[in-house]
Amino acid sequence: GIPISIENMDREKVFGLRADDLLIVMKIHHLGGVIDLQHAYEWSCDTGESYTEIVKDLTNALERGRGISHVHVSGETSVAGQQIEGHAQLMVSSNAEVILGGIETVFEITGKRHPIILEGDPLPEEPLRSSQSEFLSERIDRLAKIAIENISEEISFIRRHCRFL
């Protein structure tokens, strides 16, 4: 069948934040695991627990299950400690250094270079609103170019700052 994975949840969820939650579901359903490093960061901020310890716990738990299928990477933007966006590109995030450390922690523990999913929004906050299809088409093309440039910069940023890549 199709491989299915489960991810550690964000701060809005009740179940799936902790490593033990994921391990139970992974073992029952033979699932792979996804570590979302921004979600782990949010959990650390909310509970006061060490980010590194949370990432270690998640990594070890998921490896005891079917293993880590991939790692979700994004950061957050914040002002005066208040989160503005929870899935920002790492290169513009306020917590990039912490998240990069999370990537390294996962790779050090597992000894593997897992696929990374870039979850950061590559576009500026510009809603697409137009009834003129020609204008809309031009705008989509322009935004697509910006997105591709920003994604390319994000990949370069992660490669420059993560010693495992």
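Each value, and the rule that gives it
- Residues numbered from 1 in each chain as written.
- Predicted model: local features only at pLDDT ≥ 70, side-chain atom pairs only at ≥ 80, totals over all residues.
- Heavy atoms only, no water.
- Helix = DSSP H or I, 4+ residues; strand = E, 2+ residues; numbered from the N terminus.
- Buried < 20%, exposed > 50% of the residue type's maximum accessible area, 1.4 Å probe, protein only.
- Contact = heavy atoms within 4.5 Å.
- Areas by Shrake-Rupley, 256 points an atom, 1.4 Å probe, with all protein chains shown as cover.
- Pairing = 2+ DSSP bridges.
- Axes fitted to C-alpha atoms, helices over the stretch in contact; angles between N-to-C directions.
- Phe/Tyr/Trp six-rings, centres within 6.5 Å; stacked < 30°, edge-to-face > 60°.
- Salt bridge = Lys/Arg side-chain N within 4 Å of Asp/Glu carboxyl O.
- Left-handed = near helix turned anticlockwise from the far one by under 90°.
- Nonpolar A, V, L, I, M, F, W, Y, C, P; charged D, E, K, R; others polar.

**Student:** Tell me about the overall build of the protein chain, and name the residues and values.
**Tutor:** When its secondary structure is counted, the protein chain shows five helices and six strands. Across the 165 residues of the protein chain, 42% fall into the buried class. Pairs at least 24 apart in sequence give 68% of the contacts found in the protein chain among residues at least 6 apart. Carbon together with sulfur atoms contributes 52% to the accessible area of the protein chain, which is approximately 9,400 Å² in total.

**Student:** Give me the sheet that holds strand 6 (residues 116–118): which residues, what numbers.
**Tutor:** Strand pairing in a sheet relies on backbone hydrogen bonds. The paired strands run either parallel or antiparallel. The strand order across the open sheet formed by four strands is 1-2-3-6, and the pairing between neighbours is parallel. Two strands bound the open sheet, and with one partner strand each, they are strand 1 (5–7) and strand 6. Here the strands of the sheet are splayed against their neighbours by 25° on average, with no regard to which way each runs. Where strand 2 (residues 32–36) and strand 3 (residues 68–73) come together, four bridges link them in parallel fashion. Of the residues in strand 3, the one forming a bridge with Asp-36 is His-72. Across the face of the sheet, helix 2 (residues 37–47) comes into contact with strand 1, strand 2 and strand 3 while running at roughly 60° to strand 2. Against the sheet, helix 4 (residues 96–110) contacts strand 2, strand 3 and strand 6, and its axis sits at roughly 165° relative to strand 3.

**Student:** Could you give me a rundown of the packing of aromatic side chains, with the residues and numbers involved?
**Tutor:** One pass over the structure, following the stated rule, counts one aromatic pair. Residues Tyr-41 and Tyr-51 carry aromatic rings whose centres are separated by 6.0 Å and whose planes lie at 65° to one another, so their mutual orientation is edge-to-face. One end of the pair, Tyr-41, is in helix 2; the other, Tyr-51, is in helix 3 (residues 51–64), with 10 residues separating them in the sequence. Accessibility assignment for this pair places Tyr-41 and Tyr-51 in one class, buried.

**Student:** Give me the pattern of salt bridges: which residues, what numbers.
**Tutor:** All told, the structure shown has five salt bridges when counted by the stated rule. Close ionic contact of Glu-63 with Lys-112 constitutes a salt bridge, the shortest N to O distance being 3.7 Å. Taken together, the positions of Glu-63 in helix 3 and Lys-112 in the loop between helix 4 and strand 6 put the pair 49 residues apart, joining distant regions of the chain. Take Glu-63: its relative accessible area is 28%, and that puts it in the partly exposed class.

**Student:** Which residues make up the environment of Lys-145, and what are the values?
**Tutor:** As for its placement among the helices and strands, Lys-145 is situated in helix 5 (residues 133–161). Residues Lys-145 and Leu-123, 22 residues apart in the sequence, show an inter-C-alpha distance of 9.7 Å.

**Student:** A description of the packing of helix 3 against helix 4 should follow, citing residues and the corresponding values.
**Tutor:** Packing of helix 3 against helix 4 leaves a shortest axis separation of 9 Å and a crossing angle of 35°. Crossing of helix 3 over helix 4 shows right-handed handedness. Here helix 3 contributes Tyr-51, Thr-52, Val-55, Lys-56, Thr-59, Asn-60 and Glu-63 to the contact with helix 4, which in turn contributes Val-98, Ile-99, Gly-102, Thr-105, Val-106, Ile-109 and Thr-110. The residue makeup of the contact of helix 3 with helix 4, split by class, is six nonpolar, six polar and two charged.

**Student:** Tell me about the environment of Pro-115, and please be specific about residues and values.
**Tutor:** Looking at the secondary structure, you find Pro-115 in the loop between helix 4 and strand 6. Sequence separation of Pro-115 and Val-71 is 44 residues, and the distance between their C-alpha atoms is 6.3 Å. Each residue touching Pro-115, except ones within four places of it in the same chain, is listed here: Ser-69, His-70 and Val-71.

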